[in-house]
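The primary structure of each chain is shown beneath.
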Amino acid sequence: PVLDALAAKYSARSGRTVGHDQFIWVPGTQSALYLLLTALVQTGDEVLVADPCYATYHGLVRATGAGTVPVALREARGFRLDADDLARAVTPRTRLIFLNSPHNPTGAVLTRDDIRAIGRVAQAHDLWILSDEVYESLIYSSTFASPFDEADLAERTVVASSLSKSHAAPGFRAGWCAGSPAFIARLL
């Protein structure tokens, strides 16, 4: 039932059919992030991360043996991650763009145009996108945008989320990973 509810939510949000086989239920967002990172990066790889970022991101990435490459968020852009800045930070060791929108700690919300521009960087450099969407329901003056909802980015995007923020249930440890059916099958 919970996987069916997630499938219905993501199908409605993305406008395409998302099946229950595209989710893994895990104990919270941190578990989801760790699981996804261990599946996507390894020792010596690089992960592009917004700077500043949520405090645990650096440690989660380091736990895989990979390293973070900070990409500065600028006030002039409303602290929204800039695709050109990401592109300049890519090296041959880069494997992943780590997104968080609404962003913690700045509160910046990526627009659909931002997501598409970031997606073009991921496509050009054959990078994965990990989207931490735990704050999705806490947007009040704009619309949530996810790379997972973009048909041309869905196969290279994985999502981590939970009920902790959306249902005011911190500590409940009820979260999920989302991805393509093939990715989730490999992840299992």
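Details of the structure are given in the entry above.
Residues numbered from 1 in each chain as written. Predicted model: local features only at pLDDT ≥ 70, side-chain atom pairs only at ≥ 80, totals over all residues. Heavy atoms only, no water.

K.L.:
When you look at the nonpolar core in this model, what are you seeing that I'm missing?
P.N.:
One broad trend across soluble globular proteins is that nonpolar side chains are buried collectively. Of all hydrophobic cores here, the largest spans 24 residues; its most connected members are Leu36, Leu37, Val47, Phe98 and Leu130. Of all the secondary structure elements, the ones that give two or more residues to this core are strand S1 (23-26), helix H2 (29-40), strand S2 (46-51), helix H3 (57-62), strand S4 (94-100), strand S6 (157-162) and helix H6 (181-187). At five residues, H2 tops the list of elements feeding residues into this core. Aside from chain neighbours lying at most four places away, what touches Leu130 is Leu33, Leu36, Leu37, Leu96, Ile97, Phe98, Leu99 and Val158. (Core = buried A, V, L, I, M, F, W, Y, C linked by side-chain atoms within 4.5 Å. Buried < 20%, exposed > 50% of the residue type's maximum accessible area, 1.4 Å probe, protein only. Helix = DSSP H or I, 4+ residues; strand = E, 2+ residues; numbered from the N terminus. Contact = heavy atoms within 4.5 Å.)

K.L.:
How should the side chain of Ser161 be read in this particular structure?
P.N.:
Relative to the elements of secondary structure, Ser161 occurs in strand S6. Given a relative accessible area of 3%, Ser161 falls into the buried group. A polar side-chain atom of Ser161 sits 3.2 Å from the main-chain carbonyl oxygen of Glu133. In contact with Ser161, not counting residues within four places along its chain, are Tyr10, Thr29, Glu133, Val134, Gly175 and Trp176. (Polar contact = N/O pair within 3.5 Å; in protein donor to acceptor, adjacent residues only side chain to side chain.)

K.L.:
Can you help me understand the environment of Asp21 in this one?
P.N.:
The topology assignment puts Asp21 in the loop between helix H1 (2-14) and S1. Residue classification places Asp21 among the partly exposed positions, given a relative accessible area of 41%. The spatial distance from the C-alpha of Asp21 to the C-alpha of Pro181 is 5.7 Å, given a sequence separation of 160 residues. If sequence neighbours within four positions are ignored, Asp21 has contacts with Pro181 and Ile184.

K.L.:
Explanation requested: the sheet that holds strand S3 (residues 67-72) in the structure shown.
P.N.:
Backbone hydrogen bonds hold the strands of a sheet together, and the pairing may be parallel or antiparallel. Within the open sheet, the seven strands sit side by side as S1-S7-S6-S5-S4-S2-S3. Their pairing is mixed. Bordering the open sheet on either side are S1 and S3, each of which pairs with just one other strand. Between one strand axis and the next, the sheet turns by 20° as a mean value, whatever way the strands run. Strand direction decides the pairing type here: S2 and S3, joined by six bridges, are parallel. The residue bridging Ala50 from the neighbouring strand is Val71, located in S3. With respect to the sheet, H1 is in contact with S1, S6 and strand S7 (175-178), its orientation differing from that of S1 by roughly 125°. (Pairing = 2+ DSSP bridges. Axes fitted to C-alpha atoms, helices over the stretch in contact; angles between N-to-C directions.)

K.L.:
How should I be thinking about the side chain of Thr29 in this particular structure?
P.N.:
Here Thr29 is to be found in helix H2. Sequence-distant contacts of Thr29, defined by excluding residues within four places in its chain, comprise Asp132, Val134, Ala160, Ser161 and Ser162.

K.L.:
Is there a simple way to think about the pattern of salt bridges in this case?
P.N.:
Opposite charge on two side chains lets them pair, provided their charged atoms get close. Applying the stated criterion across every chain, the model contains 15 salt bridges. When the shortest N-O distance is used, the salt bridge between Arg88 and Asp85 registers 2.3 Å. Placement of the pair is Arg88 and Asp85 together in helix H4 (residues 83-89), with a separation of three residues, close to one helical turn. On the basis of relative accessibility, which here comes to 61%, the residue Arg88 falls in the exposed class. For Asp85, a relative accessible area of 14% puts it in the buried group. (Salt bridge = Lys/Arg side-chain N within 4 Å of Asp/Glu carboxyl O.)

K.L.:
Before we go on, may I ask you to explain helix H5 (residues 112-124) in this structure?
P.N.:
Here H5 is 13 residues long and its end C-alpha atoms lie 18 Å apart, about the 18 Å a rise of 1.5 Å per residue gives. If you check which residues of H5 are buried, you get Asp114, Ile115, Ala117, Ile118, Gly119, Val121 and Ala122. Each element contacted by the buried residues of H5 is listed here: H4, S4 and strand S5 (128-132). Two residues or fewer past H5, Asp126 is found with a positive phi of approximately 50°. (Expected span 1.5 Å × (residues − 1).)

K.L.:
Which parts of the structure should I look at to understand unusual backbone geometry?
P.N.:
Most peptide bonds are trans, and most residues other than glycine sit at a negative phi. Residue Asp51 is joined to Pro52 through a cis peptide bond whose omega torsion reads 10°. By secondary structure assignment, the location of Pro52 is in the loop between S2 and H3. Here the residue pair Ser101 and Pro102 is connected by a cis peptide bond, since its omega of -10° sits within 30 degrees of zero. In this fold, Pro102 is placed in the loop between S4 and H5. Residue Phe79 is not a glycine yet carries a positive backbone phi of 65°. Mapped onto the elements, Phe79 comes out in the loop between S3 and H4. Note on Phe79: relative accessible area 31%, which makes it partly exposed. Backbone geometry at Asp126 places phi at a positive 50°, although glycine is not the residue there. Structurally, the position occupied by Asp126 is in the loop between H5 and S5.

The values are spatial; any link to function lies outside them.
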